[in-house]
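Remarks on the overall topology
In case you want the letters, here they are:
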Amino acid sequence: MSALQRVTQWQTFARTWHLFDARWQNPFECSSLIAKHLQGRHKPIYHPLNDCGDMVVAINTRHIALASDEWIKRVYFHHTGYPGGATWTLAWELHDKDPTMILKKAVYSAIKNNLQRRTTMQRLFLYPDDKIPDDILANITNQIRSPRPVPTPLPDPASEEFQSFPRIAPFPEDYVLK
Amino acid sequence: MVFTSAVQLAKRAGLDQYWKKRRIFRLSAHYYGRARNCYVLAIRAVHRSLAFATKARKFKKEDMAQLWETRIAAGSEQHGVKYPHLREGLHRCNIHLNRKTLADLAIWEPYTFRALTQIAWTKMRQDGDREVKEMDGIPPNNVVVPSSKN
C-alpha cells in the first residue's frame, strides 16, 4: 500500500467534525440535514451497519426561527408515567427552559427509530450561542452550509445608514415619530 | 415399487413419513428451542420462514436500490449536483449506467464519478434546466457534451 493510498483510506474513514450555525434557521427543515451528517448518509461509503457518521456541532440554537405562529402553536408532550403525569409544553416555554431542546428533539425525530438512534444522537453537540469549549472547537474542520439565508436586520434609526437612506417624502412637521 | 404384501406397504408408509419430516427438520436445523425438533412446531416455523424468504426476494432488490441511490446522491452532492439531475443529465448524454455501477464508481473511482457529474451538470445547463442554472457552485468550464437534436 503506497503512502497515498494509506492517507486516502485514513481520510475516507476518519470522523469529520462539522459546524452548523442554526441562526435564523428553521429547526424542522435543517434537522434532516444534520441527521444526514450524523448518520453518514453524505458519504458514498454509507451503509446502515457501517459506523461512518460524523460529529456535528450546532451553535446559536437560541436564535432559531420557527415558521408562522409555531412558537405558540407547537406543543411538546411529556408523560411521567404516573396518573395525571401528562404535561403539554408550548414551544416558546420549552425554548425558555432550554434553548437547545427544540433543535435536539427535531434531529431526534429526523432519525429513524432503531438501536443506533441514541448513539447517533451522542455525536451531536448543541450550544445556545457561539461559545464552544476549546477542546471541541479544536476538532472542527468543516462547516455545513445553512439552508436559509440570514436576513439582515433593520439598521438603528439613529445610525447614519438609516438617516441617509433616500425617502419618498419627508414627514410632516407635526408628525410624532414613535 | 411392488408391494408383495400389506405389511410391506405399511412399512413403506412409515418410511415416507420419516423422510417427509426429515425434509422439514433439515430446514429447521438452525432454529432455537422446540421449533428445531418438534415436528408440529417445526413445520409452522418453516412455513413461516419460507413465506418471509419469498417476500424478502423482492425486498432485497428494493433495499439495494435504495442503498445505491443514497450512495450516488452522497457522491454527487459532494460535487454540487443533485441525484435527479445526475441521472437525467447522464440519460440525455446516452450514458446508460445503472445504479449499482454508479454507486461502485462513486466509492472506488471518485475521479471517474466526478467526471460523470460534470458531464451531467454541463448537459443540464446546456439544455437550459432552470434548477441547475440556479444551483450554487462553479459549473465546470472544460467539459464538452453533444447538444440535443430538438
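Since we're looking at a predicted model, the values are computed, not measured. Numbers given for residues are sequential positions, taken from 1 along each chain in its written order. Both sets of labels track the order of writing: A upward for chains, 1 upward for ligands. Only residues with pLDDT of at least 70 are given local features in this predicted model, and only at 80 or more are side-chain atom pairs given and counted; all residues enter the totals for whole chains, interfaces and linings.

Some details on the overall build of chain B
Of the regular secondary structure elements, chain B holds six helices and zero strands. Going from the N terminus to the C terminus, chain B shows its helices and strands as α-α-α-α-α-α. In terms of overall dimensions, chain B has C-alpha extents of about 90 × 35 × 25 Å along its principal axes. To assign burial, the other C-beta atoms lying within 10 Å of each residue's own C-beta are counted, with C-beta atoms placed from the backbone; 20 or more indicates buried, 12 or fewer indicates exposed, and intermediate counts indicate partly exposed. A total of 150 residues make up chain B; the buried ones form 18% of that total. By the criteria applied, helices consist of DSSP H or I runs no shorter than four residues and strands consist of E runs no shorter than two, each listed in order from the N terminus.

Focus: the overall build of chain A
When its secondary structure is counted, chain A shows eight helices and six strands. Atoms counted for the radius of gyration: C-alpha only. Globule rule: 2.2 Å times the number of residues to the power 0.38. By the compact-globule yardstick of 16 Å for 178 residues, chain A is too spread out, its C-alpha radius of gyration being 22 Å. Principal-axis analysis of the C-alpha atoms places the extent of chain A at approximately 80 × 60 × 30 Å. Excluding contacts between residues fewer than 6 apart, the proportion of contacts in chain A whose partners are at least 24 apart in sequence is 70%. Each residue is represented by a C-beta atom placed from its backbone, and any two residues with such atoms within 7 Å are regarded as in contact.

A look at the interface of chain A and chain B
Buried accessible area, meaning the area lost when the parts come together, often serves as the stated size of an interface. On the chain B side, the residues contacting the seven residues of chain A number eight residues. By residue class, the composition of the side of chain A that touches chain B is three nonpolar, two polar and two charged. Think of it as three bins: nonpolar holds Ala, Val, Leu, Ile, Met, Phe, Trp, Tyr, Cys and Pro, charged holds Asp, Glu, Lys and Arg, and polar takes everything else, Gly as well.

Topic: the sheet that holds strand S5 (residues 124-126) of chain A
Residue and element names in this part refer to chain A. Pairing is parallel across the open sheet formed by four strands, whose spatial order is S5-S2-S1-S6. Strands with a single pairing partner mark the edges of an open sheet, and in this sheet they are S5 and strand S6 (142-144). Along the sheet, successive strands turn relative to each other by an average axial angle of 25°, direction set aside. One ladder, built from three bridges, connects strand S2 (residues 55-59) with S5; its direction is parallel. Pairing of Val56 across the sheet is with Leu124, part of S5. Whenever a helix is involved, its axis is fitted only over the stretch in contact; in every case the axis is a line through C-alpha atoms, and angles between N-to-C directions fall within 0 to 180 degrees. Strands strand S1 (17-21), S2, S5 and S6 of the sheet are contacted by helix H2 (residues 27-39), whose axis makes an angle of about 150° with S2. Two strands make a pair as long as DSSP finds a minimum of two bridges between them.

Things to note about the domain arrangement of chain B
These domain limits were set by an automatic method or by a database of domain assignments. Examined at the domain level, chain B breaks down into domain 1 (6-56) and domain 2 (62-133). If you average the C-alpha positions of domain 1 of chain B and of domain 2 of chain B, the two centres end up 49 Å apart.

Quick notes on the packing of H2 of chain A against helix H5 (residues 101-110) of chain A
Packed helices, taken two at a time, are described by the angle between their axes plus the distance between the axes. Residues and elements named next belong to chain A. It is at 8 Å that the axes of H2 and H5 come closest, and there the two elements cross at 55°. Here H2 lies oblique to H5, going by the angle between them. Crossing of H2 over H5 shows right-handed handedness. Judged by residue contacts, Pro27, Phe28, Ser31, Ser32, Ile34 and Ala35 of H2 engage Ile102, Leu103, Ala106, Val107, Ser109 and Ala110 from H5. Class assignment of the residues belonging to the contact of H2 with H5 gives a composition of nine nonpolar, three polar and no charged. Oblique is the label for every angle not falling under 35 degrees (roughly parallel), over 145 degrees (roughly antiparallel), or within 65 to 115 degrees (roughly perpendicular). For any pair of crossing helices, the crossing counts as left-handed if the nearer helix is rotated counterclockwise from the farther one by less than a right angle, and right-handed if it is rotated clockwise.

So, helix H5 (residues 110-126) of chain B
Residues and elements named next belong to chain B. Working rule for helices: expected span equals 1.5 Å times residues minus one. Here H5 contains 17 residues, and its C-alpha end-to-end distance of 24 Å stays within 8% of the 24 Å for a straight helix at 1.5 Å per residue. Turning to H5, its buried residues are Phe113, Leu116, Thr117, Gln118, Ile119, Ala120, Trp121, Thr122, Lys123 and Met124. Residues of H5 that are buried in the fold lie against helix H2 (39-78), helix H3 (83-92), helix H4 (99-108) and helix H6 (130-133). Phi turns positive one or two residues past the end of H5, at Gly128, with a value near 75°.

Re the environment of Cys30 of chain A
Of note, Cys30 of chain A is situated in helix H2. For the pair Cys30 of chain A and Phe165 of chain A, spaced 135 residues apart in sequence, the C-alpha to C-alpha distance is 35 Å.

Topic: unusual backbone geometry
Outside of glycine, negative phi angles account for most residues, and trans bonds account for most peptide bonds. Residue and element names in this part refer to chain A. Even without being a glycine, Asn60 presents a positive backbone phi close to 60°. A residue is classified by how many C-beta atoms lie within 10 Å of it, and Asn60, with 21 of them, is buried. Non-glycine residue Ser68 carries a positive phi angle of around 50°. Within the secondary structure, Ser68 sits in the loop between S2 and helix H3 (70-73). Overall, Ser68 belongs to the exposed group, with 7 C-beta atoms counted inside 10 Å.

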